[in-house]
Amino acid sequence: MSVAALPRTMEALTRRATMLRDSLQRSQGNTDGMVAILGSFDHRLSALEAAMRPTQVRTHAIRMAHENIDKTLKSGDAILSQFDLARKAEATILRGPHEDLEGYLEAVDLLKGIAKFFSSNKNFRSSDGILNHVNNLLAKSSLKIEEEFKQLMNTYSKPIEPDRLFDCLPKSLRPSKDDAGPDGGNGNHADHPSKGLETAIYRTPTLVPPRILPLMNDIAQQLVQAGNQQSCYKIYRDYRGSALESSLRKLGVEKLTKDDVQKMQWEALEAKIGNWIHFMRIAVKLLLAGERKICDQIFDGVNFNKDQCFAEMATNSVVTLLSFGDAVAKSKRSPEKLFVLLDMYEVMRELQSEIEAIFEGKPCSEMREAALGLTKRLAQTAQETFADFEEAVEKDASKTIVQDGTVHPLTSYVINYVKFLFDYQSTLKLLFQEFETGSETESQLAVVTMRIMQALQNNLDGKSKQYKDPALTHLFLMNNVHYMVRSVRRSEAKDILGDDWIQRHRRIVQQNANQYKRVAWAKVLQTLSVQGAPGSTGSSGGSDLSSSGVSRAVIKERFKAFNTQFEELHGKQSLWIVPDQELRESLRLAVAEVLLPAYRSFIKRFGNLVGSGKNPLKYIRYSPELVDKLLGEFFEGQQYGEPKHQHRL
């Protein structure tokens, strides 16, 4: 830029600065004007707000009043609604629960809700009045519910007919239509039940219809909640307990004391024991199992000691059942009771786990202990009866003597007794485990059996000495020991007693057969020998007799002696019995093998001395063939087969 241009530039800048100052002054003036206007507006708003404040206060008050009115109306509606519900519930309560139990219980719940509503709204001036009214209704409802519970229990607590119970049993335990009871009235231990019974299917009977159980549960809840648990307890216990007792009475369960049992004839007692075993299964597996089930359902979720209630309900019935078992276990011991004791012990062991499940809980402990106590008493009595039996066999002093030398009733009784023992092997194993014996339970049965058989043999040895005829003594022992051996070989006792026992006793049989043959036929055989005969020269041979000129009179006497003695033996021993056909034929053959050759030889050598006389048949009365035939009549006796009568120790 030139120096000449500088003044012009300065002038231009001065003008622009003047214009900017003028512009700023105008803007400040506008701003001040605006501030003045706004100040004036603020003043007018303050005045307006002051003027409107009373109106705002009135509007807020009106709004609050409306809100209070809404709340009051809503509260009133709620109260009126509770009154309406109370009126409806009252009508249902006064009508009673019988026609519509579910609706009745709903009405009770409504009343409880109403009582709760007014209890938490005490400000309502009439709340005390309505609360009293509702509580009175609830008290009435509690009485009516209790009455309904009683009626339902009465209606559905009828005894179960025996036929219905029998239908719930496994087929193997159901009586036929002609039977008097579940075992046909026959308690004979020979009809020992199948060992598979513990796995048989039992169907629990319907004691109360399933549709009724939820209603009973609801009622029980209401009664307990209303504080009437004692009434609930008593009603249930009395009605269900009575139904259970009646069911058992209809079945045939009797309350018998120890004296009743002691006075009873054995046959009658045996039948009652057989029935009792069936009654125990029916009572535990069907009736008590069913009662436990409905007790649990009726009192499910109820604040209630159901175990105590169940225990008291069942006590009388259980005591009646167990008392009979106790009476038998404590009655006078006798050998024939062993098998029914084992049957009773067996069923108590079979039912033990179910009894523990049914009578669970501390209140039922007495019944569990009573059942276990009976099981142990039966085991103890059975064990003692074993010892009694062994002693009774050895000391049996019955004067019964079998005149025909056959198997003694004692022998058949003891052998049958031993056979029955083997039907109870599993039970006996449990029985032996009840007592610490210090040896294997499997060998205990062998030890017991061996001792009983030895006791029998000792007794038979004593009885054999009662015979005056020693031949009959040996025949008697042969018959009885043979019967023992044969019976053992045909039974499970063979595995228990072993081959050594069998072989040893077979030798005893053979020894007595040989002794019989020697003793019975010695005199007869002696008549066929001429040694020492009067008039003989002392030589031993028959030819020597003939050649030495033995008198005809001596030979005649020998033939006459043979005839007399053979006839005597035939007359006597044809009445004796060897009941086993094989043994009988074997014994006849053994006699014939000795007698017939000697007789034939005697006739051949000396028959001509008497055959040429006036009356040869007087001396040679029997041909060898006839003697053989007559031997076939020996040991037949008056009856055939084994004795039918029973022997009791």
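In the block above lies the structure referred to throughout.
Everything quoted here is computed from the prediction, not taken from an experiment.

Visitor: Explain helix 13 (residues 425–433) to me, please; I cannot follow it from the model alone.
Guide: Residue pairs spaced three or four apart in an α-helix point in one direction, given the helix's 3.6 residues per turn. Three or more residues of helix 13 are buried, namely T427, L428, L431 and F432. For helix 13, the angular spread of the buried residues around the axis is 135 degrees, confining them to a single face.

Visitor: Please explain unusual backbone geometry as it appears in this structure.
Guide: For residues other than glycine, phi is negative in most cases, and the peptide bonds are mostly trans. Phi is positive for F635, close to 65 degrees, though the residue is something other than glycine. Checked against the element boundaries, F635 lands in the segment after helix 20 (624–631). Note on F635: relative accessible area 2%, which makes it buried.

Visitor: Looking at this model, I keep getting lost on the pattern of salt bridges. Mind explaining?
Guide: Pairing between side chains of opposite charge can happen when their charged atoms approach one another. One pass over the full model with this rule turns up 24 salt bridges. Where E161 meets K250, a salt bridge forms, and the shortest distance between an N and an O atom there is 3.1 Å. Note that E161 is positioned in the loop between helix 3 (127–155) and helix 4 (162–167) and K250 in helix 6 (residues 229–251), a separation of 89 residues in sequence. With relative accessibility at 40%, the residue E161 sits in the partly exposed group. Two residues, D238 and K234, come together in a salt bridge whose shortest N-O distance is 2.9 Å. Placement of both D238 and K234 in helix 6 is noted, with a separation of four residues, approximately one turn of the helix. By relative accessible area, D238 is classed as partly exposed at 34%. When its relative accessible area of 46% is taken as the criterion, K234 is described as partly exposed.

Visitor: Is there a simple way to explain the environment of N459 in this structure?
Guide: Along the chain, N459 falls in helix 14 (residues 441–464). As for N459 and E394, which are separated by 65 residues in sequence, their C-alpha atoms are 5.1 Å apart. Every residue in contact with N459, bar those within four places of it in the chain, is listed here: V393, E394, K395, D396 and L410.

Visitor: Where do I start with the nonpolar core in this structure?
Guide: As a rule of thumb, nonpolar side chains are buried together in soluble globular proteins. In this structure, F299, M348, F359, Y516, W521, F566 and L595 are the most contacted members of the largest nonpolar core, which totals 156 residues. Here the element with the most residues in this core is helix 8 (residues 266–298); it accounts for 16 residues. Discounting chain neighbours no more than four positions away, the residues touching L595 are W521, V524, L525, L528, F562, F566, V627 and L631.

Visitor: Explain the packing of helix 18 (residues 552–573) against helix 20 to me, please; I cannot follow it from the model alone.
Guide: The packing of two helices is summarised by the inter-axis angle and the distance between the axes. Viewed as axis vectors pointing N to C, helix 18 and helix 20 meet at an angle of 20 degrees, and their least axial separation amounts to 11 Å. Relative to helix 20, the element helix 18 is oriented roughly parallel. In terms of crossing hand, the pair formed by helix 18 and helix 20 is left-handed. Across the interface between the two elements, F562, F566 and H570 from helix 18 touch V627, L630 and L631 from helix 20. Looking at the contact of helix 18 with helix 20 residue by residue, the classes come out as five nonpolar, one polar and no charged.

Visitor: What exactly am I supposed to notice about the packing of aromatic side chains here?
Guide: The geometry of an aromatic ring pair is captured by two quantities: the separation of the ring centres and the angle between the planes. Applying the stated criterion across every chain yields a total of 23 aromatic pairs. Seen from their ring centres, Y516 and F635 are 5.8 Å apart, and the 70 degrees between their planes marks the pair as edge-to-face. Here Y516, found in helix 16 (residues 493–527), pairs with F635, found in the segment after helix 20; they are 119 residues apart in sequence, far enough to count as distant. Accessibility assignment for this pair places Y516 and F635 in one class, buried.

Reading the values: rules and limits
Residues numbered from 1 in each chain as written. Predicted model: local features only at pLDDT ≥ 70, side-chain atom pairs only at ≥ 80, totals over all residues. Heavy atoms only, no water. Buried < 20%, exposed > 50% of the residue type's maximum accessible area, 1.4 Å probe, protein only. Helix = DSSP H or I, 4+ residues; strand = E, 2+ residues; numbered from the N terminus. Arc of directions from axis to C-beta. Salt bridge = Lys/Arg side-chain N within 4 Å of Asp/Glu carboxyl O. Contact = heavy atoms within 4.5 Å. Core = buried A, V, L, I, M, F, W, Y, C linked by side-chain atoms within 4.5 Å. Axes fitted to C-alpha atoms, helices over the stretch in contact; angles between N-to-C directions. Parallel < 35°, antiparallel > 145°, perpendicular 65-115°, else oblique. Left-handed = near helix turned anticlockwise from the far one by under 90°. Nonpolar A, V, L, I, M, F, W, Y, C, P; charged D, E, K, R; others polar. Phe/Tyr/Trp six-rings, centres within 6.5 Å; stacked < 30°, edge-to-face > 60°.

The values reported here are purely geometric and, on their own, carry no functional implication.
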